[in-house]
Structure formats: C-alpha cells, structure tokens
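If you want the building blocks of each chain, they are given just below.
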Amino acid sequence: MLVLGFESTAHTFGAAVVESSSPNASLASRENTRVLSNEVSKYPSLREGYIPRKMAEHHAKHCREAAAAALAKARVKLRELDAIAYSQGPGIGHCLHVGYIAAKALSSLLGIPLIPVNHALAHVEIGRWWCEARDPLVCYIAGGNTQIAARMHVNGGWRYHVFGETLDIGLGNFLDLVGRKLELKPPDAVGVLNAAVKGRNFVELPYTVKGMNLAYAGMLTALERLKGKTSDGDLCFSAQETAFAAFVEAAERCLCHTRNKEVLLCGGNARNRRLQEMLRLMSEEHRARFCATSDEYSGDQAAMIALTGLLQHLAGATYEDLKPRQRMRLDSQVMKW
Ligand code: FE2
C-alpha cells in the first residue's frame, strides 16, 4: 500500500510517501512500513512572527513542487497511490485549507480515498513507529501543544487519554516567545537553545505545576522583567531548566499513576537533548524504557501524516467529516489499531 501525505498545519508545508506491506495496522513496524520520501518546505522564522496569510501563500506556492519531489524521490507514479492523507487539524485555518485542497483535488482526480489525519496523533504515531514502542507514556511537546498522555479504553474506544497538559501556552511556543522577546538569532526556541549553552548562573523563575498540569505564562512575564538586567545566556539556561523540570515533574507523577513500561518523547521539541536527558533519567528511575523520536520525524513533516493515514486506512477507519478543523485534540481521536 502506498500513501501520499500532506502537512500544512502551521509554518511547514510537507509532502511524503509511505509504503507498507503490513497485513494490518497493529502489525506495522519499521521493517514492513517505510518512509520513501519526506519533503519539507518551511516558512522562515522572522521577528514579525508567523502571519497566517503569508504562511498560506508560501504553502500554495510550494505545494506542487513538494508533491512532485516526494513522488520522484519515492520513485512512485501518481496512479500507483492507494490513498491521499492530509493534516485535518489542529492548526491555522488558512494553512490547513491549502493542504486540504491539494489532497482533495488529487484524491478526486485519481479516484482514491482522502484520509483526514489528526496532526497531534500523527506526532505520537510516528514516534511510536520510529522507537518501536508498544504502549508508551506519551510526552508530546510542540509549539502549541504540551501534553502527557497514555493509551486507554475510554468512552467506548481506544484513545490517548490526556492526563496532564499546559493550562496556557505550549512549551514550544513559550521558548519561541522567549527567543522573540530577548531578540535572539534566530528569534525562536533554537535561539534559546544556542544561548542557553552560554548560561552559567541559574536565575529563579516562577515554577507552576498543578497536579499533572503546567503553566508557562508567568515565567515569560518574569523573563521580560529580567531582560537587560541578566545575561541572555543565564536567562535562556534558567528558562529551559525551569520549564523542562516542571514538565518532567508532571510526567513523573503521571508515570507513577499509569505504570507504563515505556516513555516516548515526541513533537517538535523532542529534539532538545537536555529535555531528552532529563526525561531519560526520570524514566530510568522508574525502570521504564525512554525513547525519543528522531530529529527528522520530530518537527512538522508529512511522513507522520502519510504513516498515520496509512494506519487508519489499514484499520478500516471511517470519517464523519473530511474538512479541516482548526481545533482538534489528541484525545478526540478513537483508534482502531
Ligand atoms: Fe506539530
């Protein structure tokens, strides 16, 4: 089975082809399910931030070449495809519609199914596939999302139940905002990471953990007040340490409750080595295997959309609505695998 996937929830437009010889979704592994291509075109991180209209224009401009490159790299012809998957949400409306229109047009033209994919679930599923994890405690950390979840049978189906999450901004957005407020280069989480390496002194910042939930806005206000009075390196170092420690505390509480034997880190911020180190130490103390999604599959890309679409197709999933939805949650999706 061959699936072409499109990703366009935010700053990235992606197209990817995934192939599988697995007889069913539950048996999909890295051996029988492969990513043949994974093309990414990213809207640049600018000081003005991300403007929806401009990002949608970027996606519309690069959509055709990304799809053509993905098919060429995979050595797959359009007529060989079995289905088209696209990111249904959550995301920015303008951007989501570009991926939807591209996917819908191709599926109609080729007469093959259009598969709507929950972007949050796709981050988890590609992490699970990459790490060969069976039933992990999920630490999903991205721009707009910061959640701790585990697979459970609730409300009549298997889904990722969210035990803890941010009550205000996502950890990724928090780091991006720190980069922008401190005018770092680049003005985002990467700028924070680069500056944090130069930090030597820990500055105390608001630390908000409420049970298994978290909040980061107070820390952002405190950092704005300290700007100019303390070095950027010390501020970034302290911001990362405090934000990550709060997340790990909440994740540990959750792990003690669920007793999962694996801990999976996924989402755009899974690439942060310090965060990986802190979660690994915590997991090992509880005799759980820690695994992190690879750098290539952590950020937004279409391989995760094609892979999750393929799993849904193999599992015989049906859909009430194919149109984009700006608000979707990880725990809203029932999984048939
Ligand atoms: Fe994402």
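Refer to the structure printed above.
Keep in mind the model is a prediction, meaning the values are calculated, not measured.

Draft legend 1. Spatial organisation of the coordination of the iron ion. The iron ion binds to the protein through His-119 (NE2), His-123 (NE2) and Asp-300 (OD); the donor distances cover 2.1 to 2.2 Å. Sequence positions of the residues that donate to the iron ion give the spacing H-x3-H-x176-D. Of the two residues, His-123 is situated in helix α3 (residues 119-131) and Asp-300 in the loop between α9 (295-298) and α10 (303-314); the sequence distance between them amounts to 177 residues. Judged by its relative accessible area of 1%, His-123 is buried.

Draft legend 2. Region of interest: the pattern of salt bridges. Tallying each qualifying case throughout the model produces 13 salt bridges. Close ionic contact of Glu-39 with Lys-73 constitutes a salt bridge, the shortest N to O distance being 3.0 Å. Of this pair, Glu-39 sits in strand β3 (residues 33-42) while Lys-73 sits in helix α1 (residues 52-74), and the two are 34 residues apart along the sequence. The exposure class of Glu-39 is buried, given its relative accessible area of 16%. The salt bridge partner of Glu-57 is Arg-53, with a shortest N-O separation of 3.3 Å. Of this pair, Glu-57 and Arg-53 both sit in helix α1, separated by 4 residues, roughly a single helical turn. When salt bridges with common partners are traced through the structure, they connect Glu-165, Arg-329 and Asp-331 into a single cluster.

Draft legend 3. Broad picture of the sheet that holds strand β11 (residues 262-266). Here we have 5 strands laid out as an open sheet, ordered β8-β7-β6-β11-β12, and mixed in their pairing. Of all strands in the sheet, those with a lone pairing partner are β8 (157-165) and β12 (289-292), marking the two edges. Going from strand to strand, the sheet's axes swing by 25° on average, the running direction of each strand aside. Relative to β11, strand β6 (residues 137-141) runs parallel, the two being bridged by 4 bridges. Bridged to Val-138 within β11 is Leu-264. Of the strands in this sheet, β6, β8, β11 and β12 are in contact with α3, which crosses β11 at around 125°.

About the thresholds
- Residues numbered from 1 in each chain as written.
- Predicted model: local features only at pLDDT ≥ 70, side-chain atom pairs only at ≥ 80, totals over all residues.
- Heavy atoms only, no water.
- Donors = N, O, S within 2.8 Å, 3.2 Å for Na, K, Ca; no water.
- Helix = DSSP H or I, 4+ residues; strand = E, 2+ residues; numbered from the N terminus.
- Buried < 20%, exposed > 50% of the residue type's maximum accessible area, 1.4 Å probe, protein only.
- Salt bridge = Lys/Arg side-chain N within 4 Å of Asp/Glu carboxyl O.
- Pairing = 2+ DSSP bridges.
- Axes fitted to C-alpha atoms, helices over the stretch in contact; angles between N-to-C directions.
- Contact = heavy atoms within 4.5 Å.

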